[in-house]
Amino acid sequence: MKSQLSEQQALIPPDENRRMFDGIARRYDLLNTIISLGRDHVWRREAVDRLQVRAGGQYVDAGCGTGALSLALARRCPAGALTVHGLDFSAAMLQEGGRRITQAGLAASITLQQGDALALPFANGSMDGVISGFVLRNLSNRPAALVEWCRVLRPGGRCVVLELAVPESWLMRGGYRIFTRLVVPGLAWLLSQRQAYVYLLDSIQAFPAPAVVCQWFEQAGFTDVQTTPLTFGSVRIYQGTKGG
Ligand SMILES: C[S@@+](CC[C@H](N)C(=O)[O-])C[C@H]1O[C@@H](n2cnc3c(N)ncnc32)[C@H](O)[C@@H]1O
């Protein structure tokens with residue numbers, strides 16, 4: 001039986017991570033829907049609810065990928081009434097995102113740019129909210145990412161993070177293991193993306209417990225830190241408000 005990797009062992013270097021997402025960009029949305037059993041839209045809507053979006057606001061989607069969260073956020077207001085700054089280091093993911101955003105008629109609300117989620121190109125205190133979906137697990141320095149996301153927020157601004165997790169209840173863990181060890185690898189093999197999905201499963205297994213992630217939020221300068229399990233704990237929302 002395969003032994004579990006440590007948090008550091010499960011990480012892959014940023015360049016390799018970027019190349020991996022460049023490679024799966026065209027199939028990413030379809031795989032997302034299949035692997036989440038169609039729940040990913042619900043998870044994103046829940047995450048956006050926590051951000052308390054308002055017209056005129058400035059928001060960052062850190063690691064926006066193909067723009068699914070940016071779109072869910074932008075749809076909360078008429079086109080052009082708020083600004084979402086979608087940032088990702090994969091050019092191919094951004095290209096897919098640009099296509100989707102134009103198709104949705106929301107180009108007036110969302111700007112996309114290539115960049116590093118660990119070094120955002122925005123001034124201190126300039127943003128009303130930061131949202132990030134399924135990215136934290138990919139980052140080489142997760143506590144530093146939260147410090148950076150806190151830096152760009154105005155006092156009172158919210159940070160909401162959506163991340164995959166291993167369910168805590170042993171009963172749910174059984175079902176989760178069957179799904180992730182049989183169904184997901186089968187799908188990944190069919191779609192010739194085996195390496196990406198071995199990484200996906202290893203990185204979820206090795207991701208620290210919710211209490212540790214909440215501690216990172218607090219150490220970064222967030223107050224009112226909360227975590228909520230979704231879909232039997234296979235996904236978690238983390239949220240915090242910038243103090244001060
Ligand atoms: C699993 S995808 C999530 C995409 C999107 N947020 C969503 O909800 O579907 C992870 C994304 O994070 C991006 N990413 C990983 N590390 C990054 C970094 N250091 N800076 C910017 N983007 C990064 C990848 O390129 C990829 O698009």
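Rules of the game
Think of each chain on its own: its residues are numbered from 1, step by step along the sequence as written. pLDDT decides what is reported in this predicted model: residues at 70 or higher carry local features, side-chain atom pairs at 80 or more are listed and counted, and totals for whole chains, interfaces and linings draw on all residues regardless. Heavy atoms throughout the structure, all of them, feed into the side-chain values; hydrogens and water do not. Elements are defined by DSSP. Helices are runs of H or I of four residues or more, strands are runs of E of two residues or more, and each kind is numbered from the N terminus. Only C-alpha atoms enter the radius of gyration, while the globule expectation follows 2.2 Å times N to the 0.38, with N the number of residues. Note on classification: 1.4 Å probe, protein chains only; a residue is buried when its accessible area is under 20% of the maximum for its type, exposed when over 50%, partly exposed between these limits. We call two residues in contact when some of their heavy atoms are within 4.5 Å. All accessible-area figures derive from a Shrake-Rupley calculation using a 1.4 Å probe, and residue coverage is judged against the displayed protein chains alone. Think of a nonpolar core as a cluster: buried Ala, Val, Leu, Ile, Met, Phe, Trp, Tyr and Cys residues, connected wherever their side-chain atoms sit within 4.5 Å. Inter-axis angles, ranging from 0 to 180 degrees, are taken between N-to-C directions of lines fitted to C-alpha atoms, where helices are fitted over the stretch in contact. If an angle is under 35 degrees, it is roughly parallel; if it is over 145, roughly antiparallel; if it lies from 65 to 115, roughly perpendicular; otherwise it is oblique. In this scheme, a crossing is called left-handed if the near helix is turned counterclockwise away from the far one by less than a right angle; it is called right-handed if the turn is clockwise. Amino acid classes used here: Ala, Val, Leu, Ile, Met, Phe, Trp, Tyr, Cys and Pro are nonpolar; Asp, Glu, Lys and Arg are charged; the rest, including Gly, are polar. In what follows, salt bridge is the name for a side-chain nitrogen of Lys or Arg lying within 4 Å of a carboxyl oxygen of Asp or Glu. Any pair of nitrogen or oxygen atoms within 3.5 Å is treated as a polar contact; in protein, a donor-acceptor pairing is required on top of that, and neighbouring residues in sequence qualify only through side-chain atoms on both sides. By the convention used here, strands pair only if DSSP detects at least 2 bridges between them. For this purpose, a residue is taken to be near a molecule or strand whenever a single non-hydrogen atom of the residue falls within 4 Å of it.

**Q** Explanation requested: the overall build of the chain in the structure shown.
**A** Secondary structure assignment for the chain yields nine helices and seven strands. Relative to its length of 244 residues, the chain is compact, with a C-alpha radius of gyration of 17 Å against a globular reference of 18 Å. Over its C-alpha atoms, taken along the principal directions, the chain stretches across nearly 50 × 40 × 30 Å. When each of the 244 residues of the chain is scored for burial, the buried share is 51%. At a minimum sequence separation of 6, the contacts of the chain that also span at least 24 residues come to 75%. Of the roughly 11,200 Å² of accessible surface on the chain, a fraction of 56% belongs to carbon and sulfur atoms.

**Q** Sorry if this is basic, but what is going on with the nonpolar core here?
**A** Counting 42 residues, the largest nonpolar core has W43, L73, I110, I131, L162, L164 and Y197 as the members making the most contacts within it. The element that contributes the greatest number of residues to this core is helix α8 (residues 194–206), accounting for six residues. In this structure, I131 is in contact with A47, V48, L51, V60, D61, A62, L69, L73 and V160, ignoring residues within four places of it in sequence. Within the second largest apolar cluster, 28 residues are counted, among which are L120, L146, W149 and F207.

**Q** How should the packing of helix α6 (residues 142–152) against helix α9 (residues 210–220) be read in this particular structure?
**A** A pair of packed helices is captured by two measures, namely the crossing angle of their axes and the spacing between those axes. Put simply, α6 and α9 touch, their axes get as near as 9 Å, and they point 45 degrees apart. Compared by their axis directions, α6 and α9 come out oblique. Between α6 and α9 lies a crossing whose hand is right-handed. In contact with R142, P143, L146, V147 and C150 of α6, α9 contributes W216, F217 and A220. Looking at the contact of α6 with α9, its residues break down into seven nonpolar, no polar and one charged.

**Q** Looking at this structure, I do not really get the pattern of salt bridges. What am I missing?
**A** When the charged atoms of two side chains with opposite charge come close together, those side chains can pair. Tallying each qualifying case throughout the model produces eleven salt bridges. A cluster of three or more residues bridged by salt bridges with shared partners is formed by D15, R18 and D22.

**Q** Sorry, what's going on with the side chain of T66 here?
**A** Take T66: it is sitting in the loop between β1 (58–62) and α4 (68–74). Within the structure, T66 has its side chain in polar contact with the side chain of D29 (distance 2.7 Å). Of note is the side chain of T66, whose polar atom sits 3.5 Å from the side chain of R100.

**Q** Would you explain the sheet that holds strand β5 (residues 153–164) in this entry?
**A** The strands that make up a sheet pair up through hydrogen bonds in the backbone, lying either parallel or antiparallel. Pairing is mixed across the open sheet formed by seven strands, whose spatial order is β3-β2-β1-β4-β5-β7-β6. The two strands at the open ends of the sheet, each matched to only one other strand, are β3 (110–114) and β6 (222–230). Recorded for the sheet is a direction-independent mean angle of 15 degrees between the axes of neighbouring strands. As judged from the three bridges shared by β1 and strand β4 (residues 127–133), these two strands associate in the parallel manner. Within β4, the residue paired with D61 across the bridge is I131. Here helix α3 (residues 40–51) sits on the sheet in contact with β1, β4, β5, β6 and β7 (235–242), set at roughly 165 degrees to β5.

**Q** Sorry, what's going on with the site of the ligand here?
**A** If you check the shell around the ligand, you find 19 residues, and the closest are Y28, R44, G63, D88 and A117. At 2.7 Å from a nitrogen atom of the ligand is found a main-chain nitrogen or oxygen belonging to G63. G133 places a main-chain nitrogen or oxygen 2.8 Å from a nitrogen atom of the ligand. Counted by class, the shell around the ligand contains nine nonpolar, seven polar and three charged residues.

**Q** Looking at this structure, I do not really get the packing of helix α2 (residues 28–35) against α3. What am I missing?
**A** It is at 8 Å that the axes of α2 and α3 come closest, and there the two elements cross at 95 degrees. Here α2 is positioned roughly perpendicular relative to α3, judged by the angle of their axes. In this structure, α2 uses Y28, N32 and T33 to contact α3, whose residues at the interface are D40, H41 and R44. Of the residues in the contact of α2 with α3, the class split is one nonpolar, three polar and two charged.

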